[in-house]
Amino acid sequence: MYVIALKMLFGDWLKYLGLIVGIAFASLLICQQASIFLGLTLQTGSFIRDTSQGDLWVMDPQVRFSQDSQPLRDTIVQQTRGVAGVEWAVPLYQAFTRGQLADGTRITLLLVGLDDATLVGGPPLMEQGALADLRRDRGVLIDAAKAAQKLYMKRGGGREVQVGDHLSINDNDAVVVGSYRARDSFFWDPVIYTTYRRALQWAPRERNLLSFVLVKVKPGADLDQVRSTIERKTGLKALTNQEFIYLTANFILYATGILINFGMAVALGFIIGLIVAGQTLYNFTLDNLRHYGSLKAMGASNGMLARMVLLQALIVAVLGYGIGVGLASVMGLAASQLGLAFAMPWQIPALTAAAILLICMLASLLSLIPVFRLEPAVVFKG
Amino acid sequence: MMSTAAVQVQSDSPLAGALPKAKPIAVRCAGLTKVFGADENQVLALRGVDLEIYRGELLMLVGPSGCGKTTLLSVVAGILDRSGGECTVLDHDYARMTVAERTDWRGRHIGFVFQSFNLIPTLTAAENVAIPLLLQGKPPSQAIRQGAAMLDRVGLGHKAKVRPPQLSGGQQQRVAIARALVHRPKLVVCDEPTSALDATTGKNVMALLREVALDGERCLVVVTHDARIFHFADRMAHMDDGRLDQVTAGPQQASH
């Protein structure tokens, strides 16, 4: 009878197409929105991932996300170095500041100061120049990929900032000595690296200027023990890279409403899918109710009819899901080319499959109600 | 369980004149009642029907609209529960079967011909005919092959791969007849099989039903109010207001 069920489904191609389109749309919406959401979430932690040479970040307990640095005393670095199990500890400066490009374009930038001796915390991949070039006079590094958008000089013909160009940071002259490639970030402002000491010179005057201490734990040392000792000794908070990424992501998701917006979009995909698939499957079953009545009269049990309807739903689910996730993947590829946030690990298609399966099963169970209620005697009613 | 032995009819029975000679009983209804609704909305569709249908005969249930013909046919076919009385079909009492047993039994022993054919439009004629075999679990290829062979018997072998919407009304009803017979049921129930057809086509369909469906073992029960086909009946059961008024010999029996 499964052959009959499939032929009933494929034979009515217009409704079949409607079902597939409905499920494909739901599938696309769930998969794509979840992937964009995950992409954005992952992007909130890009800076931390790019600065993950250490094991721990020591910071003010009130820090809410990676770019929300609160000033610490310089002595914290020495204090941290003195903790048993610490292999090294280096200072990191980070603060938003004002800048001006050579053509006069004003920008806000995130200035990051790396430990002068080790340059730990620098960008993971250099495009032009070397990390050590930061030691050159007034040297800074810029993001090569983002220069066209974030460091663009409109006047004088228009071009992006390049190696060799000068720019002003808090009225201090800086020279671009190299460019790097970083992960795509959720945050808009360009990240400009220099040395820690130079960053302090350029920074607005404050009593304390240290933002973070990056800590590497000795091999074999107990990370949790080192962390708790640092926290006890300094009165500060020490987070692993992953914990700092979670802290940042959680803050951004809740503070910006992204979680609610994308959660609603995914829920909307589910609800629309349920409504479209439910209504179409329900109508499809209702249209065939007379035939189901005949089949019941001729000896088809409710169980058999249920299996037929569920098979039809399953076929629609698989095809609609395939098309929807396929389209989402194509969109994802396009988004990656454009540098937009999109991340689709296997868990998203898997969860989408589960959601689509649930939609189709719910829809078909709904459509089975009239089939189960159907008296076979209805076939003799003209 | 009832015996299938030949029934001796009392000479003073009101049905005596209409009874064929010593044929085994296929269906026996005694004091059969069917009530729809409850309390003030109660409708008595069958009011104590006594009827015996014999193997090898074509019995027509006739009477005005709403007299209970289709209700009686539905109870006999096992697709509607009776409210009271007795009804045994091919030695089986539906009341003693579970719903699942009854559904399975119906699929194996009863053939259905519907007023509006009830063919599935997305299936070919052969696939439609094969449905009762598929319901019994036969492999699709074998069932469809048997379906095509049955179509051949009703003169539509060349239409096996055609879908119902491309067939005329008469051809569709022949497909429906093939579907009703493909699994060799012992009882075939037909609800107004000619009402959707013109006179000539209707007669042809009935002639085909008699020719192909009737044999010594199988009986046909036809609900109709189409007087043009009465002459195909062995016996006619006249109903009115839920009661069986009389059973008369049909022209076919008279001609035997």
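Position numbers for residues start from 1 in each chain and track the written sequence from start to end. Here chains are named by letter from A upward and ligands by number from 1 upward, in the order in which they appear as written. At least 70 in pLDDT is required for a residue's local features to be given in this predicted model, at least 80 for side-chain atom pairs to be given and counted, and no such filter applies to totals for whole chains, interfaces and linings, which use all residues. Side-chain measures here rest on the full set of heavy atoms in the structure, leaving out hydrogens and waters.

S.K.: I'm lost on the overall build of chain B in this one. Help?
M.R.: Helix numbering and strand numbering both begin at the N terminus, where a helix is a DSSP run of H or I of at least 4 residues and a strand a DSSP run of E of at least 2. Within chain B one finds seven helices and 10 strands. By the burial criterion, 54% of the 256 residues in chain B qualify as buried. Pairs of residues are marked as contacts when any of their non-hydrogen atoms sit within 4.5 Å. Taking contacts inside chain B between residues at least 6 apart in sequence as the whole, the part at least 24 apart equals 69%. Type-normalised accessible area, obtained with a 1.4 Å probe on protein chains alone, sets the label of each residue: buried when under 20%, exposed when over 50%, and partly exposed for intermediate values.

S.K.: How should I be thinking about the sheet that holds strand β9 (residues 235-240) of chain B in this particular structure?
M.R.: In sheet architecture, strand pairing relies on hydrogen bonds along the backbone and comes in two forms, parallel and antiparallel. Residues and elements named next belong to chain B. Between any two strands, pairing holds if DSSP finds at least two bridges. On the basis of which strands lie adjacent, the open sheet formed by six strands has the order β6-β7-β8-β3-β9-β10 and mixed pairing. Each end of this open sheet is capped by a strand with a single partner; those strands are β6 (110-113) and β10 (243-249). Taking each pair of neighbouring strands and ignoring which way they run, the sheet shows an average axis angle of 20°. Bridge analysis of β6 against strand β7 (residues 187-191) gives four bridges, and the strand direction is parallel. By the bridge assignment for β7, F112 is matched with V189. The axes are straight lines fitted to the C-alpha atoms, using for helices just the contacting stretch, and the angles between their N-to-C directions are given from 0 to 180°.

S.K.: I keep staring at the environment of L28 of chain A and nothing clicks. Help me out?
M.R.: Residues and elements named next belong to chain A. You can see L28 is positioned in helix α2 (residues 13-43). Distance from L28 to A328, taken between C-alpha atoms, is 5.5 Å for residues 300 residues apart in sequence. In this view, L28 contacts Q33, G324, L327, A328 and M331; residues no more than four positions away in its chain are not counted.

S.K.: For this particular structure, what's the right way to read the domain arrangement of chain A?
M.R.: Assigned domains within chain A: domain 1 (2-43 + 257-379) and domain 2 (73-235). Domain delimitation follows an automatic or database domain assignment. Between the C-alpha centres of domain 1 of chain A and domain 2 of chain A the distance comes to 49 Å.

S.K.: Just to check I follow, could you spell out the nonpolar core for this structure?
M.R.: Grouped burial of nonpolar side chains is what soluble globular proteins tend to show. Counting 104 residues, the largest nonpolar core has L51, M60, L72, F112, L151 and L187 of chain B as the members making the most contacts within it. Broken down by element, the residue count for this core peaks at eight residues, all from helix α3 (residues 125-135) of chain B. Residues within four places of L151 of chain B in sequence aside, it is in contact with A125, A126, V129, L156, G157, A160, V175 and A178 of chain B. Within the second largest apolar cluster, 39 residues are counted, among which are A95, M153, I192 and A203 of chain A. What we call a nonpolar core is a set of buried Ala, Val, Leu, Ile, Met, Phe, Trp, Tyr and Cys residues that are connected through their side-chain atoms within 4.5 Å.

S.K.: Looking at this structure, how should I read the interface of chain B and chain A?
M.R.: By a widespread convention, an interface's size corresponds to the accessible area lost as its parts come together. Between chain B and chain A, the residue contacts involve 28 residues of the former and 24 residues of the latter. Here chain B packs against chain A, burying approximately 2,300 Å² in sum over the two surfaces, 71% of which is carbon and sulfur. By salt bridge we mean one thing: a side-chain nitrogen of Lys or Arg within 4 Å of a carboxyl oxygen of Asp or Glu. Between the two partners, chain B and chain A, sit one salt bridge. Here E127 of chain B makes a salt bridge to K7 of chain A, at a shortest N to O gap of 2.2 Å. Definition of a polar contact: a pair of N or O atoms within 3.5 Å, with one able to donate and the other able to accept a hydrogen when the atoms are protein atoms, and with sequence-neighbouring residues admitted only if both atoms are side-chain atoms. Seen at the junction of chain B and chain A, the total is seven residue pairs in polar contact (both at pLDDT 80 or more). Of all elements in the fold, only α1 (69-77), α2 (99-109), β6, α3 and β7 of chain B reach the threshold of two or more residues within the side of chain B that touches chain A. For the side of chain B that touches chain A, the leading source of residues is α3 of chain B, giving five residues. Nonpolar residues are Ala, Val, Leu, Ile, Met, Phe, Trp, Tyr, Cys and Pro. Charged residues are Asp, Glu, Lys and Arg, and all others, Gly as well, are polar. A breakdown of the residues in the side of chain B that touches chain A according to their chemical character gives 16 nonpolar, eight polar and four charged. By definition, the buried area sums, over both parts, the 1.4 Å-probe accessible area that each loses when the two are put together.

S.K.: Is there a simple way to explain unusual backbone geometry in this structure?
M.R.: For residues besides glycine, phi is generally negative; the peptide bonds are generally trans as well. Residues and elements named next belong to chain B. Positive phi is not limited to glycine here, since F117 has a value of about 65°. Looking at the secondary structure, you find F117 in the loop between β6 and α3. A relative accessible area of 9% means that F117 is categorised as buried. We note that E192 has phi near 45°; this positive angle belongs to a residue other than glycine. Take E192: it is sitting in the loop between β7 and α6 (199-213). E192 sits in the buried class, given a relative accessible area of 9%.

S.K.: What am I meant to see in the side chain of S46 of chain A here?
M.R.: All names here are of chain A. Note on placement: S46 falls in helix α3 (residues 46-50). By relative accessible area, which is 3% here, S46 ends up buried. Here D184 takes part through its backbone oxygen, which lies 2.5 Å from a polar atom of the side chain of S46. If we skip the residues at most four places from it in the chain, S46 touches R183, D184 and S185.

S.K.: What am I meant to see in the sheet that holds strand β2 (residues 43-54) of chain B here?
M.R.: All names here are of chain B. Here we have four strands laid out as an open sheet, ordered β2-β1-β4-β5, and antiparallel in their pairing. If you trace the sheet from one side to the other, it starts and ends with β2 and β5 (92-93), each paired once. Alignment of strand β1 (residues 25-36) against strand β4 (residues 84-89), held across five bridges, turns out to be antiparallel. Paired with V27 across the bridge in β4 is V89. Against the sheet, α1 engages β1, β2 and β4, with an angle of about 120° to β1.

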